[in-house]
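Here is how the chains run, residue by residue.
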Amino acid sequence: MPADRPERASSAIEGGVGEARPHESAELHVSGEAIYTDDIPLPAGTLHAAIGLSERAHARLLKLDLDAVQGAPGVVTVLTATDIPGENNHGPVVHDDPIFATGEVEYAGQSLFAVLADSANAARRAARLARVECQDLDPVLDARTALARESFVLPTRRLARGDAAAAIASAPRCLQGSLSVGGQEHFYLEGQVAAALPGEDCTMQVWCSTQHPSEVQRLVAHCLGWSSKDVVVQCRRMGGGFGGKETQPALLACIAALGAKKTGRPVKLRLDRDADFLVTGKRHPFALDYDVGFDDDGLIRGARLVLASNCGRSVDLSDAVNGRALFHADNCYFLPDVAIVSHRCKTHQPSHTAFRGFGGPQGMMLIECVVDDIARTLGRDPLEIRRRNFYGTDSRNVTPYGMTVEDNVIGRIVDELAARADYAGRRQTVAEFNASGGLLRRGIALTPVKFGISFTSTHLNQAGALLHVYTDGSILLNHGGTEMGQGLHTKVAQVVAEELQVDLRRIRCTATDTSKVPNTSATAASASSDLNGKAAQAAAQTIRRRLAEFAAAKYGVPAEAVLFRAGRVRAGEAADLAFEELVMQAYHARVPLSATGFYATPKIGYDPQTLTGRPFFYFCYGAAVSEVVVDTLTGESKLLRVDILHDVGCSLNPAIDLGQVEGGFLQGVGWLTSEELVWDERGRLLTHAPSTYKIPAVSDWPAVFNVELAPWSRNREDTIYRSKAVGEPPLMLAMSVFHAIRDAIAAAAGGGVPRLDAPATPERILAAIEELRGRNDPGRAA
Amino acid sequence: MDGNGTIRFLLDGEVHAVADCSPTTTVLDYLRERLGRTGTKEGCAEGDCGACTVVLAELAGAGIRYRAVNACIKFLPTLDGKALVTVESLRGADGALHPAQRAMVECHGSQCGFCTPGFVMSLFALYQSDRRPGDEAIRQALSGNLCRCTGYRPILAAARRMYEYPEVKACERELREQLAAIRVTRELRLDGPGGSYVAPVTVAGLAAALAERPSATILAGGTDVGLWVTKHQRDLPDIIYLGNASELSTVATANGALEIGATVSLTDAFAALLAEYPELGEIARRFASPPICNAGTLCGNVANGSPIGDSMPALICLGARVVLRNAAGTRELPLEDFYLDYMKQDLRPGEFLQSVCVPRARPGLLLRSYKIGKRYDQDISAVCGAFAIELADGHVAAARVAFGGMAATPRRATGCERALAGAAWNAAGIAPAIAALASDFTPITDLRATRGYRARVAANLLHRMLAETAERAVAASVWTHAR
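Position numbers for residues start from 1 in each chain and track the written sequence from start to end. Written order determines the labels here, with chains lettered from A and ligands numbered from 1. For a predicted model such as this one, the threshold for reporting local features is a pLDDT of at least 70, and the threshold for listing and counting side-chain atom pairs is 80 or more; totals across whole chains, interfaces and linings nevertheless cover every residue.

### Regarding the environment of Leu547(A)
Residue and element names in this part refer to chain A. Starting at the N terminus, helices and strands are each numbered in turn, a helix being any DSSP run of H or I of at least four residues and a strand any DSSP run of E of at least two. The residue Leu 547 is located in helix α15 (residues 528–555) in this model. By C-beta crowding, Leu 547 is classed as buried, having 23 other C-beta atoms within 10 Å. Sequence separation between Leu 547 and Ala 575 is 28 residues; the distance between their C-alpha atoms is 13 Å. Three exposure classes are used, all based on how many other C-beta atoms lie within 10 Å of a residue's own C-beta (placed from the backbone): buried at 20 or more, exposed at 12 or fewer, and partly exposed between those limits.

Okay, here's the thing in structure tokens:
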């Protein structure tokens with residue numbers, strides 16, 4: 001069966017591949033009828049749990065006195081480490097995340113115990129009554145301090161090609177710089193939530209807002225001392241995930257299940273927003289340093305890049321996050337001689353975790369600053385320097401990790417975008433505006449994105465699907481991916497509609513369920529439509545093949561002459577019948593109408609020891625031009641206009657893909673501008689609610705925007721209908737805003753290289769303007 | 001069950017009579033837990049994300065006023081006499097989606113869908129109150145709803161699209177009659193294990209209730225008190241609600257001043273203030289989201305006395321006075337004298353803030369109020385500065401300067417004011433006033449800003465004021481910057 005577009009006949013059916021269909025749940029969303037985990041009606045007698053949190057970032061636990069908790073109104077029981085029949089762990093990779101801390105606490109917000117009560121309010125009130133005696137220990141709260149103290153969760157990794165030091169030393173020019181990039185709270189609108197219902201004979205039904213039901217299943221089973229067959233985890237939808245529900249929900253599910261096992265009653269655990277902020281990990285903050293050698297035209301000769309991440313207290317996904325940071329420290333640029341160092345620092349913060357981009361954005365931030373700094377040092381347009389260093393198509397096309405970039409379209413994207421957005425003309429206009437004086441300065445920047453698709457843990461690149469066709473011709477689809485708003489179920493159902501040539505409305509995609517498709521990978525790494533789309537396609541093709549063979553035999557035509565089109569099936573000239581008629585006939589002929597599908601991404605694989613090989617099946621590309629205005633008195637900034645050209649291959653659903661591009665972009669803007677996590681000197685998070693932690697709001701979307709999917713793009717690899725992944729890459733388009741702000745800062749200070757950390761809050765912008773003015777004119781009072 | 005101890009409100013045409021709830025039960029919890037109406041979501045329980053947005057309908061003159069509020073911090077008894085509209089209410093009798101809902105579907109305005117009911121309700125409130133909103137009105141209407149998925153573009157598109165469909169009109173006559181039938185005319189009194197709640201309908205009744213229980217919590221809009229319950233899990237055993245005392249709900253003009261009553265919402269108070277002082281447009285726009293401004297009151301902001309309350313710097317500059325009332329009578333104070341120390345106001349036992357009097361506009365007054373935060377919409381100020389300057393021959397004839405976020409209370413910058421008096425209104429002239437600011441305030445470092453930034457920006461805001469009002473005025477704010 002060809003996997004390319006020739007088979008497509010979307011116009012013949014409603015909701016085939018490539019059609020801009022609304023999200024499958026859109027009508028349920030707008031009417032309030034969509035059911036999220038917290039909305040599921042639970043039996044009478046359901047208990048509500050709350051977690052008792054450590055107020056200390058680092059301390060030795062001496063005594064945990066829960067008498068007052070136990071005696072509080074409405075409380076049924078408390079749970080501590082001694083109530084765990086199995087393993088006291090919710091760590092996904094390394095078993096270093098206790099469900100309830102014992103011995104030592106390692107972050108403020110760490111779970112110490114849980115309380116079960118007859119209402120959520122009673123449980124939360126009671127949880128505050130614990131008397132915790134502990135001996136404070138010195139907390140480590142940032143990557144640089146951790147580095148100085150050699151505090152790591154994992155060993156440092158290094159990747160080198162050629163002799164970076166020699167190349168830098170022999171280059172006509174060199175430059176050093178540093179940058180800190182802050183973390184980011186996921187701020188899914190639906191907070192973490194799980195519920196557990198004990199069943200007969202040592203079984204447990206779990207509902208959980210999770211991107212990774214299989215892992216929740218495994219960890220719940222392990223903490224109960226059971227095996228995976230005893231636990232069913234379901235998730236119909238999440239109210240946002242963004243990586244924050246990849247490993248984090250397991251803690252809640254484990255506690256709910258432990259409570260359900262102990263009491264024999266259903267238990268629900270929903271974190272309120274403040275607890276959610278305090279308990280769960282964030283995007284990894286990074287401390288970044290570079291040393292680069294280049295020529296007078298800005299061509300990079302050699303680079304040494306040091307990426308030190310703040311991993312928080314445990315390993316979680318930090319190995320893979322830092323691996324991806326390392327694999328994206330090149331972004332779109334060829335680095336001939338290069339050394340990349342990746343430090344994985346241990347701090348006394350929640351274990352930082354997956355977040356859209358998964359280390360990639362932090363790696364890219366460094367190299368984008370390198371090229372921008374080179375341009376500003378040389379007094380050139382940064383876009384010129386960026387272009388000069390782009391990967392080539394025939395030469396200069398091998399990444400530091402040894403993978404040849406075969407699908408490079410960044411040049412075309414940037415050329416088209418620069419023309420469409422009139423980058424050159426507007427750069428001139430911005431310069432004129434800035435030359436006219438006043439208190440405001442504008443800045444403009446174009447930044448590119450190249451993002452590798454595939455889990456870097458190669459074994460995760462697999463997926464399964466389960467497809468039932470009922471005798472009335474309706475179709476029930478289940479696959480291993482989870483729906484968090486990204487439209488995965490819509491896209492996968494469109495694939496099935498396309499394959500079977502039936503209208504989309506015939507197909508229902510059901511809740512992700514560990515008892516339907518086993519051993520699934522997290523819905524992550526942008527790859528879920530690639531993986532689950534292919535798996536569902538395989539299942540649909542199996543059904544189609546069986547139906548075609550049945551029709552061929554029944555009507556006496558070759559199987560190839562059986563055509564599925566527009567809800568009908570034609571068997572040569574012998575028969576032309578509705579899909580459901582054929583299905584009914586097949587049923588009577590005892591043809592199996594249920595099939596599984598499976599997919600494993602081809603071609604990929606690399607050596608985790610040397611970090612070389614082909615970690616990615618292909619790359620996604622995109623670029624953005626942003627223009628900002630900055631207030632030189634206050635540091636306030638405003639995004640005025642954005643132009644984006646992004647590559648999603650042949651889109652499975654352009655409306656959904658556009659939504660991912662726009663939403664990812666603005667989420668990235670938040671990360672780099674207004675979203676500031678502030679911890680106090682004792683390691684307590686001060687920004688733990690939307691009143692203090694500011695994600696973008698409606699006025700942050702610019703008045704002028706032109707967002708387009710590259711219409712000519714087609715994945716050169718055999719992906720599902722030649723589409724490309726879209727979840728993560730657009731987030732990094734927001735680097736254009738950060739660099740536009742740098743551009744405005746430079747203008748405000750009369751040129752030079754700004755020193756600006758992320759997020760670029762008004763305070764940091766004002767400080768950067770004044771610092772650069774001070775460097776440009778040392779005589780001037782700061 | 002229809003007596004003083006029963007809350008009555010309308011929901012989908014039916015009167016709900018509730019007599020058995022704790023007074024601090026939130027509308028959100030009531031909807032989700034008691035009624036099983038789970039379309040309304042909890043995103044933050046502090047009125048900052050909008051996932052819980054519902055609409056209240058009330059009689060207003062001959063018509064009905066629809067306003068979005070946050071169900072998560074609204075106590076159920078405050079619904080008494082009102083109609084509640086939730087996302088489940090909007091489908092037509094034939095099951096058709098409301099234009100706000102349909103537009104959200106067709107514009108791809110939902111992704112994860114969790115914020116969507118809240119957006120739909122804000123759009124519904126806009127639909128009911130404005131037939132031709134411009135882009136800025138749309139953004140303002142949505143400024144209290146956070147979406148983490150879409151980037152807002154498709155939601156902005158939906159806000160325009162919903163007007164392109166055939167208009168859907170609520171059946172107002174019937175609703176008016178129903179609202180009239182449950183109009184609040186008696187003092188609601190709830191007394192139960194969850195605490196007591198009294199909602200007098202007259203000012204005298206309020207004063208008497210407070211005299212009886214001087215330590216009771218005074219509740220108006222509840223945009224702060226609500227958080228004491230939802231965020232701090234505080235018990236409020238004794239609540240006196242101002243909202244039903246209709247005498248407090250007016251903006252009166254008398255003696256050259258606007259007298260803004262204690263229960264006038266921020267929305268209505270700013271509308272009245274902007275008619276006098278259009279220069280306060282930015283602070284009014286950025287003060288808070290519509291759901292907060294619809295519930296919260298200006299007097300509540302003033303009475304609460306937070307050092308980062310954004311109304312007070314401008315009000316102090318304008319010479320506003322507070323009218324305090326207890327059973328013994330009323331007294332008046334200049335607003336700045338009302339603030340004694342951090343969250344400590346000059347309130348005597350049994351006293352409540354009855355109104356704020358703001359002098360009417362006078363020609364020649366240069367007025368500005370600036371808010372500095374990390375985000376344009378719905379943020380808390382790092383610094384909020386206000387300046388009221390009168391010039392004569394290019395020199396400062398009179399100056400009042402006040403700041404929020406710079407001290408334990410909203411405060412005048414007296415040294416700065418002294419230095420401005422008589423100074424030339426130019427860069428050199430204001431230099432001593434800027435220097436004086438350094439001794440007027442010793443700001444603190446907190447999660448919003450460092451002390452250094454606060455001090456620097458406070459000074460720079462005076463520069464901005466000058467730049468905007470100098471003879472050759474220049475645009476000095478990114479928010480008003482025209483492309």
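Once you've had a look at it, read on.
### Digging into the sheet that holds strand β9 (residues 238–241) of chain B
Residue and element names in this part refer to chain B. If you trace the four strands from one edge of the open sheet to the other, you get β6-β7-β9-β8, paired in mixed fashion. The sheet is open, and its two edges are formed by β6 (188–192) and β8 (217–219), each paired on a single side. In this sheet, adjacent strand axes meet at a mean angle of 15 degrees when their direction is disregarded. Here, a strand pair is defined by DSSP locating no fewer than two bridges between the strands. Across three bridges, the pairing between strand β7 (residues 195–199) and β9 is parallel. Among the inter-strand pairings, Val 198 is bridged to a residue of β9, identified as Ile 240. Convention adopted: a line fitted to C-alpha atoms gives each axis, helices being fitted over their contacting stretch, and angles between N-to-C directions are expressed from 0 to 180 degrees.

### A closer look at the sheet that holds strand β3 (residues 53–60) of chain B
Residues and elements named next belong to chain B. One open sheet accounts for five strands, arranged β2-β1-β5-β3-β4; its pairing is mixed. Edge positions in the sheet fall to β2 (14–18) and β4 (63–70), since each of these pairs with one other strand and no more. Between one strand axis and the next, the sheet turns by 35 degrees as a mean value, whatever way the strands run. As defined by bridge partners, β3 adjoins strand β5 (residues 83–85) across three bridges and the pair is classed as antiparallel. Counted as the bridge partner of Val 55 is Val 85 from β5. Contact definition: two residues whose C-beta atoms, as placed from backbone geometry, lie within 7 Å. The strands touched by helix α6 (residues 172–181) within the sheet are β1 (7–11), β3, β4 and β5, with β3 carrying the most contacts at an inclination of about 80 degrees.

### Concerning helix α9 (residues 318–327) of chain A
Residue and element names in this part refer to chain A. With respect to burial, α9 is a largely interior element, nine of its 10 residues being buried. Buried residues of α9: Ser 318, Asp 319, Val 321, Asn 322, Gly 323, Arg 324, Ala 325, Leu 326 and Phe 327, and no others. Buried positions along α9 lie against β7 (152–161), β14 (300–310), β15 (337–345), α10 (360–378) and β16 (440–453).

### Some thoughts on the nonpolar core
One nonpolar core equals one set of buried Ala, Val, Leu, Ile, Met, Phe, Trp, Tyr and Cys residues connected by C-beta atoms within 7 Å. Val115(A) and Val206(A) are the most contacted members of the largest nonpolar core, which has 420 residues in total. In this view, Val206(A) contacts Ala194(A), Ala196(A), Val216(A), Val220(A), Val231(A), Val232(A), Val233(A), Ala253(A) and Ala257(A); residues no more than four positions away in its chain are not counted.

### Here we look at the interface of chain B and chain A
Contact with chain B, which involves 67 residues of that partner, is made by 68 residues of chain A. When residues of the side of chain B that touches chain A are traced back to their parent elements, those giving at least two are α2 (99–106), α3 (116–129), α5 (153–161) and α17 (451–469) of chain B. If you tally residues by element for the side of chain B that touches chain A, the top one is α17(B), at seven residues. As a working rule, the residues Ala, Val, Leu, Ile, Met, Phe, Trp, Tyr, Cys and Pro are called nonpolar, Asp, Glu, Lys and Arg charged, and the rest polar, with Gly in that last group. When the residues that make up the side of chain B that touches chain A are grouped by side-chain class, the tally is 32 nonpolar, 20 polar and 15 charged.

### Digging into the pairing of β16(A)
All names here are of chain A. Most of β16 is tucked away: 14 of the 14 residues are buried. Side chains Leu 440, Arg 442, Ile 444, Leu 446, Pro 448, Lys 450 and Gly 452 of β16 all project onto a buried face; the interleaved residues Arg 441, Gly 443, Ala 445, Thr 447, Val 449, Phe 451 and Ile 453 project onto the opposite face, where all are buried too. The sheet contact formed by β16 and strand β27 (residues 618–631) spans 14 bridges and is antiparallel. For Arg 442, the partnering residue across the bridge sits in β27 and is Val 629.

### Looking at the pairing of strand β22 (residues 568–571) of chain A
Residue and element names in this part refer to chain A. Alternating residues of β22 divide into Val 569 and Ala 571, all buried, and Arg 568 and Arg 570, none buried. When strand β21 (residues 562–565) meets β22, the two strands line up antiparallel, connected through four bridges. Looking at β22, one finds that Arg 565 is bridged to Arg 568. Hairpin connection between β21 and β22: a loop of two residues separates the two successive antiparallel strands, and Ala 566 in this loop has a positive phi of roughly 55 degrees. Summarising the sheet, β22 and strand β23 (residues 575–578) pair through four bridges and their orientation is antiparallel. In the sheet register, Ala 571 faces β23, and the bridge partner there is Ala 575. Counted between consecutive antiparallel strands, the loop separating β22 from β23 contains three residues, among which Gly 572 sits at a positive phi close to 55 degrees.

### Description of the packing of α10(A) against helix α11 (residues 382–389) of chain A
All names here are of chain A. Put simply, α10 and α11 touch, their axes get as near as 8 Å, and they point 125 degrees apart. Considering their axes alone, α10 and α11 lie oblique with respect to each other. In the packing of α10 onto α11, the handedness of the crossing is right-handed. Within the contact between the two elements, α10 uses Val 371, Asp 372, Ile 374 and Ala 375 and α11 uses Pro 382, Ile 385, Arg 386 and Asn 389. Should an angle fall under 35 degrees it is taken as roughly parallel, and over 145 as roughly antiparallel, whereas 65 to 115 is taken as roughly perpendicular and any remaining angle as oblique. The sense of a crossing depends on the near helix, which, turned anticlockwise from the far helix by less than a right angle, makes the crossing left-handed and, turned clockwise, makes it right-handed.

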